[in-house]
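Each chain, letter by letter, is given below.
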Amino acid sequence: MAEIKLATEVRTEFGKGAARRVRRANQVPGVVYGHGAEPVHVTLPGHELLLALRTANVLIGLEIDGKDALVIPKAVQRHPLKGTIEHVDLLTVKRGEKVEVEIAVHAEGDLAPGANLLEFVLNTLLVEAEATHIPESVTVSVAGLDAGDSILAKDIALPKGSVLAGDEDAIVIQVVAAQAEEPAAGEAAEAEGAQA
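All values reported here derive from a predicted model rather than from experimental measurement.

It is not clear to me how the sheet that holds strand β2 (residues 9–10) should be interpreted in this structure. Could you clarify?
Strand pairing within a sheet occurs via backbone hydrogen bonds; the two strands may be parallel or antiparallel. If you walk across this open sheet you meet the seven strands as β1-β5-β6-β7-β3-β4-β2, and the pairing is mixed. Pairing within the sheet leaves two strands with one partner each, and these edge strands are β1 (3–6) and β2. The strands touched by helix α1 (residues 16–24) are β3 (27–34), β4 (37–45) and β7 (85–93); relative to β3, the strand with the most contacts, the crossing angle is about 115°.

Any chance you could explain the side chain of T8 here in plain terms?
Within the secondary structure layout, T8 lies in the loop between β1 and β2. With a relative accessible area of 16%, T8 lands in the buried category. Here L6 takes part through its backbone oxygen, which lies 3.5 Å from a polar atom of the side chain of T8. With near-sequence residues (within four places) excluded, T8 lies in contact with V42, T43, L44, L62, E63 and I64.

Help me out: how do you make sense of a nonpolar patch on the surface in this one?
Taken together, V121, L122 and I171 make up a surface patch of nonpolar side chains, about 200 Å² in accessible area. Among the secondary structure elements, L122 is positioned in the loop between β9 (116–120) and β10 (124–130). Judged by relative accessible area, which is 30%, L122 ranks as partly exposed.

How should α1 be read in this particular structure?
Every α-helix winds through 3.6 residues per turn, so residues three or four apart in the chain are directed the same way. Three or more residues of α1 are buried, namely A18, A19 and V22. One side of α1 holds all its buried residues, which, seen down the axis, span an arc of 100°. Exposed and facing more than 90 degrees away from the buried side of α1 are K16 and R24. Packed against the buried residues of α1 are β3 and β4. Immediately beyond the C-terminal end of α1, within one or two residues, lies N26, with a positive phi of roughly 60°.

What counts, and at which threshold
Residues numbered from 1 in each chain as written. Predicted model: local features only at pLDDT ≥ 70, side-chain atom pairs only at ≥ 80, totals over all residues. Heavy atoms only, no water. Pairing = 2+ DSSP bridges. Helix = DSSP H or I, 4+ residues; strand = E, 2+ residues; numbered from the N terminus. Contact = heavy atoms within 4.5 Å. Axes fitted to C-alpha atoms, helices over the stretch in contact; angles between N-to-C directions. Buried < 20%, exposed > 50% of the residue type's maximum accessible area, 1.4 Å probe, protein only. Polar contact = N/O pair within 3.5 Å; in protein donor to acceptor, adjacent residues only side chain to side chain. Patch = residues over 30% accessible without salt bridge, like charges linked within 9 Å, V, L, I, M, F, W, Y side chains within 5 Å. Areas by Shrake-Rupley, 256 points an atom, 1.4 Å probe, with all protein chains shown as cover. Salt bridge = Lys/Arg side-chain N within 4 Å of Asp/Glu carboxyl O. Arc of directions from axis to C-beta.

Okay, structure coming up:
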């Protein structure tokens, strides 16, 4: 996983007014925490952060008060309508350190013939991986699965260096038979009237 460098400034003003001023300047307020250190309130460049966060579990390099820090996004708050980033929580990590993150689950392949539907019970898996080698996602083959079949978390082959951190017996994907809709009472009466 590539490391993305972002310029950072330490924030000294707090509250709604200060946060609004930061956002008007196309910056994003955030907090960096972890490893028992005091949380550091920072501002990050808005556009660059938005681009960086397009990659799941991105590794970000920051320079805070002349010191380098590696962080991963822990929580991102977005504006409900605009989709812009309002605030970001960043967790400090070290090279070689294991971290727990959620990775996306994707399916590939065709189900068995018939009117079957693929249902994602879980869209992500909780895994433990080395901070500088966090996988973006995992792909699962659903080829040939029929109604009633399911894939458990423990059945999914994880990328090298990753181990499952969540419930291994959790159902991730299941195949269900498509249900035919019964006509509503009014529609059934109309159909009978048209036949008479």
